[in-house]
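Examination of the molecular architecture
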Amino acid sequence: MPRGRGTDLLPVRNTGSDVHPTGQQPSRLPRRSPLPRRRPQGEASVRLGWRLLAAGCLSWGLGNFYWSWNELVVHAEVLFPSPADIGYLLFPLLATVGLWLIAGWTSLGSRVTVLLDGLIVGCALFVIGWSLTVREVWEAGSDSVLGFVVSMAYPVFDIVLATVVVLLAARTRRGSRGIGLLLLLGLTGMTISDVLFALDTSAGTYYSGQNSDAGWFFAFAAYAAAGWLATRRPMTFDHTGVMARWQTTLPYAPFGLAALVVAGQTLTGIRVDAPEAVALMIGFLLILLRQLSTLLHNSTLTRTLRHQAYHDPLTGLGNRALFMERLEGALGAGQPVAIVYLDLDDFKMINDSLGHDAGDVVLRTVSERLRVCFAEPDAIARFGGDEFAVLTGRVHGLPGLAQRLLGLLHEPVEVGTRTVRLGASVGLAVSDGSFSSEDLRKNVDLAMYAAKAQGKDSYAMFEPSMRHGFDQEVRLRAELRKALTDRTLHVAFQPIVALGERRVAGVEALARWQHPELGTVQPDMFVPVAERAGLIGDLGLLVLRRACAEFAVWPGSHTAYLSVNVSPSQMLDASFPSKVVATLYEAGMRPGQLVLEVTENVLADESEVIGTLRRLREFGIRIAIDDFGTGYASLRYLHRFPADIVKIDRTYVQDIARDPAAVHILGTLWQLFGALGLTAIAEGIEDEAQAAMLVELGCKAGQGFLYGRPGPSTPSPSTLSAPTEPNRRTRLRRWPPSGPARRCPERRRPGSTWSPTR
């Protein structure tokens, strides 16, 4: 039986050892992975590795064919060396290179470590192999130099291949260890047969078909099983550098076994040959070098871990731990310091509407702009989410720095095909030497919330009075949460009047809170508190349900509509349209009777809010843009926004009777809205002069104190002047009637097929 080396491993897809980040990343802002990970091996290298394995199998097959043909068919003596030896020796050489490429040891660090481990294992296997077979081959010699070289090449190539297979099996991941184990078993079977073949050949007792040949059959069976498993579950390898305990013993266990072999030879009186001693000495020196490499690697790893412990992986900025360490050090040294605390406005909307990849792009952009505004020795940190902080020694001129920072943030950010404009609330606090780090952080936090209370996209310097405001904020949050639970908030209504006919065309529902101690809490106070506390969704839904229930029992509801304000945060709830439709169904209202008002600021990033509004319109619910002219709206947004009504902000109406420019502006707006098919409503009408001017300009609807303040009912007919046409009486009905609100299923027309799911 000829000597054989082979494998039936099939080419498999390389899945790599890591998970690729998905999602589009701009070229100027590359994604930074939270942990250092290696990219999957290139497909070209893997394909080349499997081709080399295939070529090695082919060469072994050709060598075996030549041997078998001469020995079994033509019964000719096979000379040594012969062409068969070329095929046999090419297999371990090509297989070694192929397995190296498949394993993906391409980085410098992995190559050095694996090379050292391989040399140590190789030296150990050489010492063991010398005592088993190599010594006899060496001492037997050959009739020619070529024959001697070929004879020595067999055990040496076996050792090299065994080294690579051992290293490969040790670094396969858990799911691929079965394949690695089969490769090891195959190598073991082949090694046993090779050793027995060499011993029998030296003794002249070898003949084809003896029991020692079973190892080769076992080896090929194991290789075939490994190849079959590889087609079902591709091999993956661990390149992270983190090894199990048993893996750390890999280069040392074989060397220890070799040392025991040499020690056993010495104790039994068998001489230790020079090749053994040299190989053992080289292995020892390589172990020392391996230890030095490990120390250097651990030092680098320690620095890497320290950097990771003190830095944010996404932006590369310092994290809270580094910031607090710097802050404690500065305060301990008595240095004057200031904190600039930044919280992005409406960042959750970007994440929810455009996705977290877009949010990552925004956060990295903010970090770059912070670096532009603040340089060393200022410490910039990301606290998490959309919160950033800067520790600076520039305690003077902080307002100017804040203004510059806000200006940088206002520059548009390209996120794929979208353009996002950022805003932030910035808090400023300075240490006067009497504050601890905790006090200073509380102060800057209060200043940031004060900036948000000013309407966002602004900055505020800490003042002692803010502590009282903070306590009040905490109190209002708790009591507002209780009021929502107890449903003690109520709804007030303000009429929307058809100006030409002087009749109530609709009503706007407004939330009101009567506090048992504070009295009437104004909406501009508790609504921002609800937004900051995350209660705006519950508040909006409570107002919608109560307003629909009360409006449905008003006798004039069949000729009017109900207008309710909703928050952009509610629009991000995918179930919001269904909740609205269910509320209408419970109250017995038709979808066309409801108008939902949203501020134009939701149009700034053309977010998923627009998709939600389109769904609402599909149900038949109308959409109104509230406070037009005070936010981000432009003609492009107005054209693309799914709206039916535009409510002109009161600032355009106030000076209409005195300012000719205001008249021209409103006249142009009414022409524009008419061309776009939008209904315009003027807000803030307070006197008859304003109303008359608006009628002349073509305004058909309006609301304001002239027609009634928000309250539990519409103004009575006596509060309105007589209509311009004779014999037309004012059509105003008082609502809601006395008594509790009740459901009015009769509002639905008999036979109507409308339902909450329609």
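None of the values given here were measured: they were computed from a predicted structure.

All chains considered together, the criterion is met by 17 salt bridges. Notably, a salt bridge pairs Glu 597 with Lys 647, separated by 2.7 Å at the nearest N-O pair. Here the residue Glu 597 occupies a position in strand β12 (residues 594-599), and Lys 647 occupies one in strand β14 (residues 645-648), the gap between them amounting to 50 residues. On the accessibility criterion, Glu 597 (1% relative accessible area) is buried. Overall, Lys 647 belongs to the buried group, its relative accessible area being 1%. Through salt bridges with shared partners, a single ionic network connects Glu 508, Glu 597, Lys 647 and Glu 683.

Moving on to the pairing of strand β11 (residues 561-565). The buried fraction of β11 amounts to four of the five residues, a majority that puts the element mostly inside the structure. Note: strand β9 (residues 503-515) against β11, four bridges, orientation parallel. If you follow Glu 508 over to β11, its bridge partner there is Ser 563. One ladder, built from four bridges, connects β11 with β12; its direction is parallel. Paired with Ser 563 across the two strands is Val 595, which belongs to β12.

Contact geometry for helix α22 (residues 660-676) and helix α23 (residues 688-697): axes closest at 10 Å, N-to-C directions at 45°. Judged by the inter-axis angle, α22 sits oblique to α23. Crossing of α22 against α23: the hand is right-handed. Across the interface between the two elements, Val 663, Leu 666, Gly 667 and Trp 670 from α22 touch Met 693, Leu 694 and Leu 697 from α23. Grouping the amino acids of the contact of α22 with α23 by side-chain chemistry returns six nonpolar, one polar and no charged.

Okay, a nonpolar patch on the surface next. A surface patch of nonpolar side chains, about 520 Å² in accessible area, is lined by Phe 65, Trp 69, Leu 72, Val 73 and Val 74. Structurally, Val 74 is set in the loop between α1 (43-73) and α2 (83-103). Exposure remark for Val 74: the relative accessible area of 42% places this residue in the partly exposed category.

This part takes up the sheet that holds strand β1 (residues 338-344). Taken in spatial order, the five strands make up an open sheet running β2-β3-β1-β6-β7, and their pairing is mixed. A single partner strand is all that each edge strand has here, and the edge strands are β2 (379-384) and β7 (458-461). Within this sheet the neighbouring strands show an average axis-to-axis angle of 20°, counted without direction.

Structurally, Ile 380 is set in strand β2. By relative accessible area, which is 13% here, Ile 380 ends up buried. The spacing of Ile 380 and Leu 370 is ten residues in sequence and 7.5 Å in space, taken between C-alpha atoms. Dropping the residues within four chain positions of it, Ile 380 is found in contact with Leu 317, Gly 318, Leu 370, Arg 371, Phe 374, Ala 389 and Val 390.

Looking now at the packing of aromatic side chains. The full count for this structure, using the stated rule, is six aromatic pairs. Ring geometry for Phe 323 and Phe 383: centres 5.2 Å apart, planes at 80°, overall edge-to-face. With a gap of 60 residues between them, Phe 323 in helix α10 (residues 320-332) and Phe 383 in strand β2 connect regions that are remote in the sequence. Assigned by exposure class, Phe 323 and Phe 383 land together as buried. Taken together, a centroid distance of 6.0 Å and an interplanar angle of 55° make the contact between Phe 551 and Trp 554 tilted. Members of the aromatic cluster, connected to one another through ring pairs, are Phe 323, Tyr 341 and Phe 383.

In this section: the packing of helix α12 (residues 356-373) against helix α13 (residues 398-409). At their nearest, the axes of α12 and α13 sit 10 Å apart, and the two run at 145° to each other. Regarding α12 and α13, the two cross each other, and that crossing is right-handed. Contact residues: α12 offers Val 366, Arg 369, Leu 370, Val 372 and Cys 373, while α13 offers Leu 401, Arg 404, Leu 405, Leu 408 and Leu 409.

What follows covers the side chain of Ser 367. Tracing the backbone through its elements, the reader meets Ser 367 in helix α12. Looking at Ser 367, its side chain comes within polar contact range of the main-chain oxygen of Arg 364, at 2.6 Å. Residues in contact with Ser 367, not counting those within four places in the same chain, are Thr 315 and Leu 317.

Below, the discussion takes up unusual backbone geometry. Glu 376 connects to Pro 377 through a cis peptide bond whose omega is 5°. Notably, Asp 457 is not glycine yet its phi reads approximately 50°, a positive angle. Take Asp 457: it is sitting in the loop between α14 (437-453) and β7. If you check the backbone angles, Arg 487 has positive phi at about 55° while not being a glycine.

Let us now look at the environment of Ser 353. Looking at the element boundaries, Ser 353 is found in helix α11 (residues 347-354). Expressed as a C-alpha distance, the spacing of Ser 353 and Gly 611, which sit 258 residues apart in the sequence, is 9.9 Å.

With that out of the way, let us pick up α10. In a regular helix each residue adds 1.5 Å, so 13 residues correspond to 18 Å; α10 covers 18 Å between its end C-alpha atoms and thus fits that length. Those residues of α10 not exposed but buried are Leu 322, Phe 323, Met 324, Leu 327 and Ala 330. For α10, the secondary structure elements touched by its buried residues are α9 (274-310), β1, β2, β3 (387-392) and α14. Backbone nitrogen of Ala 321 and a side-chain oxygen of the N-cap are separated by 3.2 Å at the start of α10; the cap is Asn 319. Gly 334 sits one or two positions beyond α10 and adopts a positive phi of about 75°.

Calculation notes
Residues numbered from 1 in each chain as written. Predicted model: local features only at pLDDT ≥ 70, side-chain atom pairs only at ≥ 80, totals over all residues. Heavy atoms only, no water. Salt bridge = Lys/Arg side-chain N within 4 Å of Asp/Glu carboxyl O. Helix = DSSP H or I, 4+ residues; strand = E, 2+ residues; numbered from the N terminus. Buried < 20%, exposed > 50% of the residue type's maximum accessible area, 1.4 Å probe, protein only. Pairing = 2+ DSSP bridges. Axes fitted to C-alpha atoms, helices over the stretch in contact; angles between N-to-C directions. Parallel < 35°, antiparallel > 145°, perpendicular 65-115°, else oblique. Left-handed = near helix turned anticlockwise from the far one by under 90°. Contact = heavy atoms within 4.5 Å. Nonpolar A, V, L, I, M, F, W, Y, C, P; charged D, E, K, R; others polar. Patch = residues over 30% accessible without salt bridge, like charges linked within 9 Å, V, L, I, M, F, W, Y side chains within 5 Å. Areas by Shrake-Rupley, 256 points an atom, 1.4 Å probe, with all protein chains shown as cover. Phe/Tyr/Trp six-rings, centres within 6.5 Å; stacked < 30°, edge-to-face > 60°. Polar contact = N/O pair within 3.5 Å; in protein donor to acceptor, adjacent residues only side chain to side chain. Expected span 1.5 Å × (residues − 1).

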